Amino acid sequence: MSDPAAGTVSPLDGSTLPPVPSSNGEEVKVAVVKAREAQRAWAARPSSEREAALQALATRLLERRSEALEVMGQEMGRGPVDNLFHDLVSAREFVSAVIRAGRKALAPEKISLSMLDWPGKKVTVEAVPRGVVGIIAPWNYPLANFFKHLFPALLAGNGVVLKPSEHTPRTGAWLWKQCVEVLPKDLVQLVQGGGAVGAALLEAGVDALAFTGSVATGKKVAAAAGARLIPCTVELGGKDAAIVLADCNLSRTVAGVLFWAVHNAGQDCSAIERVYVEEAIADRFVEQLARAAKKLRVSVPGAPGEVGPLQNAAQLAIVEAHVLDAKAKGAVVAAGGARTGPGYGYQPTVLDRCTDEMKAVREETFGPVIAVVRVKDAEEAVRRANDSQYGLNGSVWTADLARGEALARRLEVGVAFVNNHSIAGALPEIPWTGVKDTGPGVASSRHAYATFVRRRTVFIDKNAKPDPLWFPFNDDLMAFGEALVARGLGAGAGVFLKLGGLLGKRVKAIQELVG
Ligand code: NAD
């Protein structure tokens, strides 16, 4: 999904943006070395200081938001409301929640051991930062796709190298600048460029990688990380389904489905791209959805609307191809279906009477297109929703919450909703994860820290006597083993007396061996 003019064209009006030079191989290596040098001191700081620094960074991002809104406006073509809500508005609360989840994930864990079996032993499992984490991001949320990994990676004591998408390098550079001004020198580094630079970052010695992007690239990145034996979280594409049941609150469902399908011009891994609606209400649902979709304004220069343009020419081409394919295969265009404006704008589009062989039903569209599939009942809806290579979010819209919950649990997805969709992505205490080609990565929550820390076990033995299983092997050791087996099988109190007696004999035998 890269086009020759990546990052150099305004999606809003087609004007030329100033180019951003790519990093060369040597610069990528230097970035990793510098981040590593700064990381050691950062990891040695008390966690309370790291928490305070991240809060200061979040505050800085909000205070300088007008700069961010401007640069995202240039690169994404979105209006200020869109930019503020999608990428910035809750940065401070986001960091506070990252800190709460981090305190649980990063706290040392004391393992309690039986005094009889493990006398004098003390074990602690600690969270140790990996070192330098590379973060490779897509363009669709040019800040938020970094936030979900940047803050926990830093909180855990890592250095970070950011690699923005070649489509949104300026927003990435703005984020990096804020990091440089607030955090210790060199702790966060920036490299710029396309796929070759992302691949070079993996080869430059990062200790862990957080990747967000397409399935095709994610598979390559995961393979390269596997070859280096470094942990790698991949969060990839989606083709989310919403199941709309006949008993739903129709107006609220239409509003919710429309928003979660079309916000950010549908360029969202967890956008609703397929709707399975029960035949009994399909006519009313489609009519109301199409009417509302037609009222949304696509941004044009000087007049931002609810829907920005597609971010790049390649993405627009995919959207157009999917709509043409659906029309050719019999879909009915109930709303939209055409380009708009001087840039990459595309009308919010509702395709009715879609079928399984259409690209708009099978492949990720990543645009403001809703493919409606009419179904007999909920069973058919669940079966067809699960008939997908992807599995990110899914939702059931119904007035019967218990039934909705049961159906939601049957969806093959990482995040299942009743009467909402996708909103969990904004909540850093909730695991954001998928199945199938969406990838197994977990962003957010304490579960995400597996990428950012390794676990170190520290085992201290305070016992002055030797352990009974040490050499020499003799009949007493065999009897000791048999007594342990008898205990495991539920033998009574007598076995403990026997174990105690054998323990003394074993210690004596070991001392004689080495005495
Ligand atoms: P992409 O795979 O083309 O690019 C993503 C990033 O990978 C870019 O920074 C790119 O330069 C880099 N890259 C490309 N080739 C590389 C290589 N060989 N090695 C290392 N890095 C390489 O994806 P995109 O078009 O930027 O983003 C859109 C995709 O991202 C969609 O499929 C969308 O669903 C997905 N996405 C997923 C999530 C999620 O949470 N699951 C969130 C946002 C976007």
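What you see is a predicted model, and the numbers here were worked out from it, not measured in a lab.

Engineer: For the site of the ligand, give the residues involved together with the corresponding values.
Structural biologist: In the vicinity of the ligand there are 31 residues, among which Ala-137, Lys-163, Glu-166, Ser-214 and Glu-364 approach most closely. A distance of 3.2 Å separates an oxygen atom of the ligand from a polar side-chain atom of Trp-139. The side chain of Thr-217 places a nitrogen or oxygen atom 2.8 Å from an oxygen atom of the ligand. Burial of the ligand by the protein chains amounts to 93% of its free accessible area of 850 Å². Looking at the shell around the ligand, the elements with two or more residues in it are α6 (144-155), α8 (195-203), β6 (208-212) and α9 (215-228). Among the elements that make up the shell around the ligand, the one with the highest residue count is α8 (3 residues). Along the lines of polarity and charge, the residues of the shell around the ligand split into 14 nonpolar, 12 polar and 5 charged.

Engineer: An account of the sheet that holds strand β1 (residues 109-111) is requested, with residue identities and associated values reported.
Structural biologist: In space, the 3 strands of this open sheet follow the order β1-β2-β19, with antiparallel pairing throughout. The two strands at the open ends of the sheet, each matched to only one other strand, are β1 and β19 (453-461). Each strand of the sheet is rotated relative to its neighbour by a mean of 25°, with strand direction disregarded. Relative to strand β2 (residues 121-129), β1 runs antiparallel, the two sharing 3 bridges. Bridge pairing links Glu-109 to Val-125 in β2.

Engineer: Run through the pairing of strand β16 (residues 415-418), naming residues and quoting values.
Structural biologist: Burial along β16 is one-sided: Val-415 and Phe-417 are buried, while Ala-416 and Val-418, pointing the other way, are not. As paired elements, strand β15 (residues 393-397) and β16 share 4 bridges and run parallel to each other. For Ser-395, the partnering residue across the bridge sits in β16 and is Phe-417.

Engineer: Report on unusual backbone geometry, specifying residues and quantitative values.
Structural biologist: Omega for the peptide link from Phe-471 to Pro-472 comes to 10°, which places this bond in the cis form. In this structure, Pro-472 sits in the loop between β19 and α17 (475-488). Positioned with a positive phi, Asn-264 is a non-glycine residue whose angle comes to about 55°. Locating Asn-264 in the fold gives a position in the loop between α10 (250-262) and β9 (272-278). The phi dihedral of Ser-444 falls on the positive side, at around 70°, and the residue is not glycine. Topologically, Ser-444 is positioned in the loop between β18 (442-443) and α16 (449-452).

Engineer: How would you sum up the sheet that holds strand β14 (residues 369-375)? Please name residues and give values.
Structural biologist: Working definition: the strands of a sheet are paired by backbone hydrogen bonds and lie parallel or antiparallel to each other. The strand order β10-β13-β14-β9-β8-β15-β16 describes an open sheet built from 7 strands, whose pairing is mixed. Edge positions in the sheet fall to β10 (332-335) and β16, since each of these pairs with one other strand and no more. Strand after strand, the sheet turns through a mean of 20° between neighbouring axes, direction not considered. Summarising the sheet, strand β8 (residues 240-244) and β9 pair through 5 bridges and their orientation is parallel. For Ala-242, the partnering residue across the bridge sits in β9 and is Val-275. Packing against the sheet, helix α12 (residues 313-328) makes contact with β10, β13 (349-352) and β14, and its axis sits at approximately 25° to β13.

The rules behind each value
- Residues numbered from 1 in each chain as written.
- Predicted model: local features only at pLDDT ≥ 70, side-chain atom pairs only at ≥ 80, totals over all residues.
- Heavy atoms only, no water.
- Near = heavy atom within 4 Å.
- Polar contact = N/O pair within 3.5 Å; in protein donor to acceptor, adjacent residues only side chain to side chain.
- Areas by Shrake-Rupley, 256 points an atom, 1.4 Å probe, with all protein chains shown as cover.
- Helix = DSSP H or I, 4+ residues; strand = E, 2+ residues; numbered from the N terminus.
- Nonpolar A, V, L, I, M, F, W, Y, C, P; charged D, E, K, R; others polar.
- Pairing = 2+ DSSP bridges.
- Axes fitted to C-alpha atoms, helices over the stretch in contact; angles between N-to-C directions.
- Buried < 20%, exposed > 50% of the residue type's maximum accessible area, 1.4 Å probe, protein only.
- Contact = heavy atoms within 4.5 Å.

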